[in-house]
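Each chain, letter by letter, is given below.
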Amino acid sequence: ILVIDPGHGGDDGGARGRGGRLEKDVTLALARRLRAAAVDSLSVQAYLTRDSDMEVPLDERAAIANNFNADIFISLHANGSRAASAKGTEVFFLSYTAVDDEARRVAMQEGAIMEKAPGNDQDVGLILWDMAQAAQLEASSKLAGNIHAEIAEASLSRSRGVKQAPFRVLVGATMPAALVEVGFITNPEEEKQLFSETHQIRITNALIQGLGRFIAALRANP
């Protein structure tokens, strides 16, 4: 069972491109393509956290995946930057702290959790975090790596690598989970590409290949 999360929605448009296009629209279009392709190519059940232009609270998105008893959770996003030249794709999985300043910026943009628990609760918070997430950490790392490898091989855009950051949308997921930034909507060239049917199909195919590698390993070692 695969649950796909189209980032943002409703009043939360996400990042806005120079041409006025919104992140929430490209993530929903890609999620619908990915759902159809996954059912057809991977022989899985696939569901969306939203299938219309509606707002779904960040804390409810992983809960939806949990309610479906999902085996994989993927959150789709389009990056944004004040620098119009910024471009590329990157894949994240969850960690308590961001791996670097750029990963922290992306997490804050998409909705981050606190990196430190307040006051004397910090040690307790870290222990609870480790208990809740450690079981999925290795699998999420492999999931992110498989997806990134296929996106990089497809040469969709500059590869920005696999990173860890405290994405709130991934917190609480009881299955391997990854967040994919499919490109920079604030880059005029990538904005046009992201809304191109041809490019969306290429992204979808790369995601399917990455998911296929991960699912094959899951089925071999259930």
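Bear in mind the structure is a predicted one, so any value in this text is a computation, not a measurement.

Quick notes on the overall build of the protein chain
Consideration 1: Looking only at helices and strands, the protein chain features 6 helices and 6 strands.
Consideration 2: Listing each helix as α and each strand as β along the protein chain from the N terminus yields β-α-β-α-β-β-α-α-β-β-α-α.
Consideration 3: Residues counted as buried form 50% of the 222 residues belonging to the protein chain.
Consideration 4: Sequence separation of 24 or more characterises 82% of the internal contacts of the protein chain that already satisfy a separation of 6 or more.
Consideration 5: Per element, the accessible surface of the protein chain, about 10200 Å² overall, is 50% carbon and sulfur.

Notes on the confidence of the model for the protein chain
Consideration 1: On average, residues of the protein chain score 87 in pLDDT, and 83% of them are at 70 or above.
Consideration 2: Contacts from residues 114–122, a stretch scored under 50 in pLDDT, to residues over four places away or in other chains number 10 contacts.

Here we look at the side chain of T204
Consideration 1: With respect to the helices and strands, the residue T204 is situated in helix α6 (residues 197–220).
Consideration 2: Owing to a relative accessible area of 4%, T204 belongs among the buried residues under this scheme.
Consideration 3: Of note is the side chain of T204, whose polar atom sits 2.8 Å from the backbone oxygen of Q200.

So, the pairing of strand β4 (residues 89–94)
Consideration 1: Burial analysis of β4 places 6 of its 6 residues in the buried class, which makes it a mostly covered element.
Consideration 2: Bridging between β4 and strand β5 (residues 159–165) involves 5 bridges; their strand directions are parallel. Looking across to β5, one finds that V91 is bridged to V162.
Consideration 3: Examined bridge by bridge, β4 and strand β6 (residues 177–184) share 3 bridges and lie antiparallel to one another.

Regarding the sheet that holds strand β1 (residues 2–6)
Consideration 1: The strand order β2-β1-β3-β6-β4-β5 describes an open sheet built from 6 strands, whose pairing is mixed. The sheet terminates laterally at β2 (46–48) and β5, the two strands that pair on one side only. With strand direction ignored, the average angle separating the axes of adjacent strands in the sheet is 20°.
Consideration 2: This element, helix α1 (residues 23–41), spans β1, β2, β3 (72–79) and β6 of the sheet and lies at about 145° to β3.

A few points about helix α2 (residues 58–67)
Consideration 1: Among all positions in α2, only R61, A62 and A65 are buried. In a view along the axis of α2, the buried residues occupy a sector of 85°, so they form one face of it.
Consideration 2: Looking at the buried residues of α2, the elements they touch are β1 and β3.
Consideration 3: Two residues or fewer after α2 comes N69, characterised by a positive phi angle close to 55°.

A short note on unusual backbone geometry
Consideration 1: For H8, which is not glycine, the phi torsion reads 65° and is therefore positive.
Consideration 2: Its place among the elements puts H8 in the loop between β1 and α1.
Consideration 3: Judged by relative accessible area, H8 falls into the buried class, the value being 7%.
Consideration 4: Positive phi, close to 55°, is recorded for N69, a residue that is not glycine.
Consideration 5: Mapped onto the elements of the fold, N69 is located in the loop between α2 and β3.

As for the pairing of β1
Consideration 1: Counting buried positions over the 5 residues of β1 gives 5, a clear majority of the element.
Consideration 2: Every second residue of β1 is oriented toward a common face, with L2, I4 and P6 on one face and V3 and D5 on the other, all of them buried.
Consideration 3: Relative to β2, β1 runs parallel, the two being bridged by 3 bridges. What sits directly across from V3, in β2, is Y47.

A look at the packing of aromatic side chains
Consideration 1: Scanning the entire structure with this criterion turns up 2 aromatic pairs.
Consideration 2: Between the aromatic rings of Y47 and F68, the centroid separation amounts to 4.1 Å while the plane-to-plane angle is 10°, which identifies the pairing as stacked. Linking Y47 in strand β2 with F68 in the loop between α2 and β3, this pair joins segments that are 21 residues apart in sequence.
Consideration 3: Using a relative accessible area of 31% as the deciding quantity, one classes F68 as partly exposed.

Calculation criteria
- Residues numbered from 1 in each chain as written.
- Predicted model: local features only at pLDDT ≥ 70, side-chain atom pairs only at ≥ 80, totals over all residues.
- Heavy atoms only, no water.
- Helix = DSSP H or I, 4+ residues; strand = E, 2+ residues; numbered from the N terminus.
- Buried < 20%, exposed > 50% of the residue type's maximum accessible area, 1.4 Å probe, protein only.
- Contact = heavy atoms within 4.5 Å.
- Areas by Shrake-Rupley, 256 points an atom, 1.4 Å probe, with all protein chains shown as cover.
- pLDDT = per-residue confidence, 0-100.
- Polar contact = N/O pair within 3.5 Å; in protein donor to acceptor, adjacent residues only side chain to side chain.
- Pairing = 2+ DSSP bridges.
- Axes fitted to C-alpha atoms, helices over the stretch in contact; angles between N-to-C directions.
- Arc of directions from axis to C-beta.
- Phe/Tyr/Trp six-rings, centres within 6.5 Å; stacked < 30°, edge-to-face > 60°.

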